[in-house]
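Next come the chains, spelled out residue by residue.
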Amino acid sequence: MAPTPINATSWTFADTYVDEDDVLAAARARAEEVGVVPIGAGAGATLRLLAAVLEARAVVEIGTGTGVSGVWLLRGMRPDGVLTTVDVEAEHQRLARESFKEAGIAPQRVRTIAGSALDVLPRLTDGHYDIVFADGDKREYGAYLAEALRLLRPGGVVAFDNALWHDRVADPSQRDEETVAIRDLVQQVAATEGLVPALLPVGDGLLVAKKEWVPESD
């Protein structure tokens, strides 16, 4: 017998279970001013949990925005952890730095890099990172996955926001470029050997997968 889906009231209750403070509210206000849609509260809380469980020391974020997801991640990471965050919009990163400052995060804990993710990621160190979180160009999600698998240490986690993409991914009649790219990603993650995946119905969908240790072949 299939479980009964939760109703909208229960979903909202769960998604807002962890309160956001004034720092995150201000970061969201900045996002609205510049037309950025940040991660939802439920997905943000999930990122913080993942960072805390992994005791994350090194995290890559694709899509800085105005710092909403970055604040959530940094609050879960080790006190000496460093977030490397990439965005094509330098102005968005300036606003994010304001959010990080208001959150009391030391400047040396955040490395902001302005540029295209697919130009920046190949320059980062293989096997060095505990988490790679993607909230960038949806059409590039498949390429982000390939980079994430290289960047993550064994036991690390890759996460993608908007994995349900406004209820479009689950509807096969929706065939726009971004929806198809996310749908392909979801299928690819499920089929990739060495990943332990889950698709969480928080926010607009959060796709997460752990990179398992795979012994090297002789």
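Coordinates for the structure precede this section.
Here we summarise the structure given alongside this text. Bear in mind that the values here come from a model prediction, so they are computed numbers and not experimental data.

The rules behind the values
- Residues numbered from 1 in each chain as written.
- Predicted model: local features only at pLDDT ≥ 70, side-chain atom pairs only at ≥ 80, totals over all residues.
- Heavy atoms only, no water.
- 1 Å grid on protein atoms, 1.4 Å probe; cavity = no way out; pocket = protein on both sides within 12 Å on 5 of 7 lines; lining within 4 Å.
- Points joined across faces, edges and corners; volume = space filled by probe spheres on them.
- Helix = DSSP H or I, 4+ residues; strand = E, 2+ residues; numbered from the N terminus.
- Nonpolar A, V, L, I, M, F, W, Y, C, P; charged D, E, K, R; others polar.

1. Structural notes on the layout of surface pockets
Point 1. For the largest pocket, the calculated volume is near 580 Å³.
Point 2. Lining the largest pocket are 30 residues, with Val-36, Gly-63, Asp-87, Asp-135 and Gly-136 sitting closest to its centre.
Point 3. Those elements that provide at least two residues to the lining of the largest pocket are α4 (68-76) and β2 (82-87).
Point 4. A class-by-class count of the residues in the lining of the largest pocket yields 11 nonpolar, 13 polar and six charged.
Point 5. One number sums up the size of the second largest pocket: a volume of about 350 Å³.
Point 6. Around the second largest pocket, the lining is made up of 19 residues, and of these Ile-6, Trp-11, Asp-15, Pro-201 and Val-202 lie nearest the centre.
Point 7. Listed by contribution, the elements that provide at least two residues to the lining of the second largest pocket are α1 (8-15) and α3 (41-53).
Point 8. Per-class residue counts for the lining of the second largest pocket are 10 nonpolar, six polar and three charged.

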